[in-house]
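So you can see what is in the structure, the chains are spelled out below.
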Amino acid sequence: MAMTLNINGVSHSVDIEPETPLLWVLRDAIGLTGTKYGCGISRCGACTVHVDGQPVKSCQTAVSAAVGKQVTTIEGLSKDNNHPVQQAWREVGVPQCGYCQSGQIMSAAALLQKSPKPTDRQIDEAMAGNLCRCGTYQRIKAGIRRASQLSGA
Amino acid sequence: MVETNLSRRNFIRTSVGAAGGLLLGFHIPEAEAAKTESRPWTTPTKGVEINAWLSIGEDGTVTIRVPHTEMGQGGMTSVALMIAEELDVEWSKIQAVFADPNRHLRNNREYKVMSTHGSQLVWLQHPHIMGAGASARERLKEAAAQRWGVPRSEVTAKQGVLRAGARQGTYAEFATAAAGVKLTEEPAIKQAKDWWLLGKDVLRLDIQHKTNGSAQYASDTRLPGMVYAAVRACPVPWGKLKSFNAEAIKNRPGVVGAFDLRAVEGKRGQPDLQDCVAVVADSWYRAKTALDLLPIEWDFGDAAKVSNASLSAEAKKALGEKGLLTKDDPKALETIAASKKVVTADYERPFEAHLRMEPINATVHVQDDRVDVWSPTQDQSAAILLVADQLGLDPKNVYAHTMFLGGGFGGNGAGGTGVTRQAAELSKRLKRPVKVLWSREEDVAQDKQRPMAAARLTASIGANGLPEAISTRALWFAIDKMNQIGPATADYGIRNMPYNIPLRHHERHNLATHVPSSTHRAPGANQTGFMTEVFADEMALAGGWNPLDWRIEMTKDKDDWQRVLKTLKEKAGYRTDLRRGEGMGVAVVACHGTIAAACASVTVSRRGQLAVEKIVIVVDCGHVINPRGATEQIEGAACYELSHAWFGGLEMREGRFVNTNFDSQNLLRIDQAPEIESHFALTGGKKWGGMGEPAGPPVPPAVANAIFAATGKRIRSTPFRLHDLSWA
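Residues numbered from 1 in each chain as written. Chains lettered and ligands numbered in written order. Predicted model: local features only at pLDDT ≥ 70, side-chain atom pairs only at ≥ 80, totals over all residues.

1. What to know about the sheet that holds strand 23 (residues 503–512) of chain B
Residues and elements named next belong to chain B. To keep things clear, this is the line we draw: At least two DSSP bridges between two strands are required for those strands to pair. Helix and strand labels come from DSSP, where a helix needs a run of H or I of at least four residues and a strand needs a run of E of at least two; each type is numbered from the N terminus. Axis definition: a line fitted to C-alpha atoms, over the contacting stretch in the case of helices. Angles run 0 to 180 degrees between N-to-C directions.
Spatial ordering of the open sheet is given by 15-23-22-21-16, a layout of five strands whose pairing is mixed. At either margin of the open sheet sits one strand with a lone partner, and together these are strand 15 (324–328) and strand 16 (342–349). Sheet twist, expressed as the mean angle between neighbouring strand axes with direction ignored, is 15°. Sheet analysis places strand 15 next to strand 23, joined by four bridges and oriented antiparallel. Among the inter-strand pairings, aspartate 328 is bridged to a residue of strand 23, identified as histidine 505.

Here it is, written out as structure tokens:
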């Protein structure tokens, strides 16, 4: 099925089974490999992207559901790697292996969009869907608080 | 219109519309990667090579070639720091790239060690890594000395500038001459008191790439003409493939074909290939979807009778029988038999998978004159030898490309896993690049697991409340066809526990299993540390001692243990008088040359809901070259072990593991993660220890001991989630 996708402000025509998860269209077809595969069942959050500003797990989002919407991936979050979350992530030193961090950053950016000054409980709730096996959780929390400051909230 | 034509039927066509450029492929804009940043997969190594480890460019940029892998442990930054310290060059002039594994093998293991394991990079390898930087510095000085006609002893090398009297020049000016200098004697490395860079907080070099999606992992490899494979090995390890019906999926979109790969008898070294089926397609999702629809017949063999319950019964039986005696004081058993006060307890921990975030994968491209490998391995040189072995080729024609690892945790050793053999075999048959990616379920079911372990510990308590004799019997399910775990692992941490118990008797059992096993972050200590340190609490409390004071008393002749435990006492505020439902617990475990102690604070609701509030950790690893990086490793290792002990544990039914994804094995998440406070209590001097692993093992026993303090319930097995912690 032919579809048009808007990804990071660029329009792509794709011809693919409509139920294909967005994740695999991003990674294998378009080559945006910053979005990661971790579980395929929406349980780890490594594949988190924004669809019309909302965080979604792209491994469980049919590509057809993204038609007519703005898809933002980690590569499109900022032009210069200077989104407040990205800046804060570097200041605090969040990533270790880094594999889950695209998803962590996209979830954190969506949280701050909705709640510029999130409480600890809001952070836990917004980020509980993003697994990190290196155990960077403490720094993710600190990073979100720092990003909130950098955004002037 | 741009087509991404991958196969006989297109997976997708893409075209680019209005804004922005074509987004096929990937590169990092120059502006994004400042000179302080690593550009491991794009940076051409310009400049003059002083030795295999570094080149100096005309602008003074020093490119350091890192032979190790970067799996989150900060190895790339550590290697660069150690060389920059000796070379004495501004940190902002440093960039790091991954070294060429093929060169390493061609030149007689030029980097000495390419494998990244055992927390060894700084601990054991700092002499030759720092030595490479020191040698380069002395050769630059010698080149300047010769040109200026002065003795080398009169030349200084600081921050990229050589000076002697009124003369000076940059390292870059002397790089070519230095490359030709041969020293009669290699210099000694610096003492810690002379460090100007090591010991300071430094941000990891790969941070830019790990915040914008540009860090390239092996699973991100994309090559022209590449096809994708999804694979399934027998769910019961070492079962045989009987048949599969490729007709059932031949009309699926994008499918290239279904292939069988067979275990080769006699090729059961590390890491191995088991019988499996691979479905190849023009995208991984199409391959995986078709594989799920493929009818496959297996011969599961006798192992299909095995379950967690049967393994547990087998362990229990063995713990009641004599094992191999590896430590014996004949009076130990007599003393225990005659004692009025005896403490005895059995402990057990299940198989655990590594569950790194990046599922196991490999991409191999077999061509007539060369083979290229992209593998998430902790040893790229081993990946070369593995592929050469699989294909019967000369290793000099095999090229491995080092990529970032999405976690390793000891499970990606020597050549990755059998997945690399799978990719090599498929690429050979299909004559094109093939990426094999294991689904998460495959990654867990076919991982080489951390072995199940058990122990029976018995001690007699003397009149002063301290143990006078101990008898220990430890057991590992470690004999499998891989033989990755040495039999002595069963002794680890138990036979040599640090406590001054006058009489000791120790036996071990190693039981056979069909489950392949391998190293796993903090091997040995990760399982036995829990057993010995929960038992330490049991001994202390039986004798009426405060568990932390007991540990200090029982190690009083060991300076480094005293330093760690007394620092813990000072920092953690350990108390035993909290109200019911709240508890603190301590534990201390040594591994990889490092001692780590932990104090955990927990709350347990009446209904048994556990919350781990805080963990204070004190570490003696001798020296710390980058406190920021070391602290990250403490936090990471602590969460890693807590995650297994609380939520992990593989469950086996009918010979196969059944909790193979993050729904049924729901590991530690942010809302459960404790606050972690890290302290160093460093011995310094000649003592060096590892940092990537040791902070993990004391955490599960500290938490279990805290649970006892809170509830009176003694936890002697993991995962905690299976225990009823409710109290009234």
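The discussion continues.
2. Brief notes about helix 10 (residues 418–430) of chain B
Residues and elements named next belong to chain B. Using the following cut-off: To estimate the expected span of a helix, count its residues, drop one, and scale the result by 1.5 Å. Exposure is read from a count of other C-beta atoms within 10 Å of each residue's own; the residue is exposed at 12 or fewer, buried at 20 or more and partly exposed in between. C-beta atoms are placed from the backbone.
The terminal C-alpha atoms of helix 10 lie 18 Å apart, and with 13 residues this matches the ideal 18 Å at 1.5 Å per residue to within 8%. Counting buried residues in helix 10 gives 10 out of 13 residues, a clear majority hidden from the surface. Within the sequence span of helix 10, burial applies to Gly418, Val419, Thr420, Arg421, Gln422, Ala423, Ala424, Glu425, Leu426 and Ser427. Lysine 431 occupies a position one or two residues after helix 10 and carries a positive phi of about 60°.

3. Some points on the packing of helix 1 (residues 75–87) of chain B against helix 4 (residues 126–148) of chain B
Any two packed helices are characterised by how steeply their axes cross, that is the angle between the axes, and by the distance between the axes. Residues and elements named next belong to chain B. For clarity, the threshold we go by: Convention used here: angles under 35 degrees read as roughly parallel, angles over 145 as roughly antiparallel, angles from 65 to 115 as roughly perpendicular, and any remaining angle as oblique. Handedness of a crossing is defined here by the sense of rotation of the near helix relative to the far one, left-handed for an anticlockwise turn of less than a right angle and right-handed for a clockwise turn. For the purpose of contact definition, each residue receives a C-beta atom placed from its backbone, and two residues are in contact when these atoms lie within 7 Å.
Between helix 1 and helix 4, the shortest axis-to-axis distance is 7 Å and the interhelical angle comes to 40°. Here helix 1 is positioned oblique relative to helix 4, judged by the angle of their axes. Of the two possible hands of crossing, helix 1 and helix 4 adopt the one that is right-handed. Side by side, helix 1 and helix 4 meet where Val79, Met82, Ile83, Glu85, Glu86 and Leu87 of the first sit next to His126, Ile129, Met130, Ala132, Gly133, Ala134, Ala136 and Arg137 of the second.

4. Some remarks on the confidence of the model for chain B
Residues and elements named next belong to chain B. To be explicit about the condition: A residue's pLDDT is the confidence the predictor assigns to it, expressed on a 0 to 100 scale.
Of the residues in chain B, 92% reach a pLDDT of 70 or more, and the chain-wide mean stands at 91. Taken as a whole, residues 1–43 scores under 50 in pLDDT and shows 101 contacts with residues more than four places along the chain or in a different chain. Interface confidence for the predicted complex, given as ipTM, is 0.98, next to a pTM of 0.94.

5. Re the domain arrangement of chain A
Residue and element names in this part refer to chain A. Short version of the rule: An automatic or database domain assignment is the source of the domain bounds shown. Three classes are used: nonpolar for Ala, Val, Leu, Ile, Met, Phe, Trp, Tyr, Cys and Pro, charged for Asp, Glu, Lys and Arg, and polar for all others, with Gly counted as polar.
Taken domain by domain, chain A comprises domain 1 (2–75) and domain 2 (84–150). Computed over C-alpha atoms only, the centres of domain 1 and domain 2 are separated by 21 Å. Within the residue set of the side of domain 1 that touches domain 2, elements represented by two or more residues are strand 3 (48–51) and strand 4 (54–57). Among the elements that line the side of domain 1 that touches domain 2, the one with the most residues is strand 3, at three residues. Here the residues of the side of domain 1 that touches domain 2 are counted per class, giving six nonpolar, eight polar and one charged.

6. With respect to the packing of helix 13 (residues 547–554) of chain B against helix 14 (residues 559–572) of chain B
Residues and elements named next belong to chain B. One way to put it is that helix 13 packs onto helix 14 with a least axis distance of 9 Å and a crossing angle of 160°. Comparing the axis directions of helix 13 and helix 14 gives the class roughly antiparallel. Crossing hand, helix 13 versus helix 14: left-handed. Between helix 13, through Leu548, Arg551 and Ile552, and helix 14, the contact on the second element is made entirely by Gln562, Leu565, Lys566 and Lys569.

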